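Inside the fold
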Amino acid sequence: KGKFVDCLFVRERQLQAAKAIHGCDSPEVAASLSNIGLVYQDLGQNDKALEYYEQALAIDVKTHGHNHPDVATSLNNIGELYRSLGKNEEALAKHEESLQIKLKIFGYNHPDVAKSLMNIGEVYRIMGKNKEALAKQEESLQIKL
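Scoring rules and cut-offs
- Residues numbered from 1 in each chain as written.
- Predicted model: local features only at pLDDT ≥ 70, side-chain atom pairs only at ≥ 80, totals over all residues.
- Heavy atoms only, no water.
- Axes fitted to C-alpha atoms, helices over the stretch in contact; angles between N-to-C directions.
- Helix = DSSP H or I, 4+ residues; strand = E, 2+ residues; numbered from the N terminus.
- Parallel < 35°, antiparallel > 145°, perpendicular 65-115°, else oblique.
- Left-handed = near helix turned anticlockwise from the far one by under 90°.
- Contact = heavy atoms within 4.5 Å.
- Nonpolar A, V, L, I, M, F, W, Y, C, P; charged D, E, K, R; others polar.
- pLDDT = per-residue confidence, 0-100.
- Expected span 1.5 Å × (residues − 1).
- Buried < 20%, exposed > 50% of the residue type's maximum accessible area, 1.4 Å probe, protein only.

**Here's the deal with the packing of helix H5 (residues 88–106) against helix H6 (residues 111–126)**
Taken N-terminus to C-terminus, the directions of H5 and H6 make an angle of 160°; their axes are 9 Å apart at the nearest point. By the angle between their axes, H5 is roughly antiparallel relative to H6. For the crossing formed where H5 meets H6, the hand is left-handed. Facing Asn 88, Ala 91, Leu 92, His 95, Glu 96, Ser 98, Leu 99, Lys 102, Leu 103 and Phe 106 of H5, the residues of H6 in contact are Asp 112, Val 113, Ser 116, Leu 117, Asn 119, Ile 120, Val 123, Tyr 124 and Ile 126. Partitioning the contact of H5 with H6 into residue classes produces eleven nonpolar, five polar and three charged.

**Focus on the confidence of the model for the protein**
Overall, the prediction assigns the protein a mean pLDDT of 94, with 98% of residues at 70 or greater. Highest mean pLDDT in the protein belongs to H5 (98); lowest belongs to helix H1 (residues 2–22) (85).

**Regarding the packing of H1 against helix H2 (residues 27–42)**
Between two packed helices, what matters for the description is the angle formed by their axes and the separation of those axes. Two elements in contact, H1 and H2, have axes separated by 9 Å at closest approach and are oriented at 165°. Accordingly, the angle class assigned to the pair H1 and H2 is roughly antiparallel. The handedness of the crossing between H1 and H2 is left-handed. Of H2, the residues touching H1 (which contributes Phe 4, Cys 7, Leu 8, Arg 11, Glu 12, Gln 14, Leu 15, Ala 18, Lys 19 and His 22) are Glu 28, Val 29, Ser 32, Leu 33, Asn 35, Ile 36, Val 39, Tyr 40 and Asp 42. Of the residues assigned to the contact of H1 with H2, the class counts are ten nonpolar, four polar and five charged.

**Remarks on helix H3 (residues 46–64)**
An α-helical turn contains 3.6 residues, so any two residues separated by three or four positions project in the same direction. End to end, H3 covers 26 Å across 19 residues, agreeing with the expected 27 Å (1.5 Å per residue, within 8%). Among the residues of H3, Ala 49, Leu 50, Tyr 52, Tyr 53, Ala 56, Leu 57, Ile 59 and Asp 60 are the ones counted as buried. Buried residues along H3 sit against H2 and helix H4 (69–84).

Rendered as structure tokens:
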């Protein structure tokens, strides 16, 4: 736990530096907020993690518009947090939204699309929807091949 607290301290300093150098609504600030969210998630402080992920998402949308890889990544982070909390419907919605953005940006045959399909398949598996899970995971593997 001590290393996470140290990491959190470093990430918060990086956030302050990013704000000072780039301004409060910059991609660098959004990245720092996401990194802090990851640390809070690792610490099990999920409410704090979600707060930071949502701030990062808001900045990403404001600075890039909705169809941008950073927005897709922020949505994926929120989806993974929801999945870990057992909020499967919310997780599925965020992963589906992330997938749609990645499809628009990268097209179908891209590793990031495969990752989203695998994440969606995992949520379906947890929900007990094995047919849907298998279909998404097989679709993901086809892209990776």
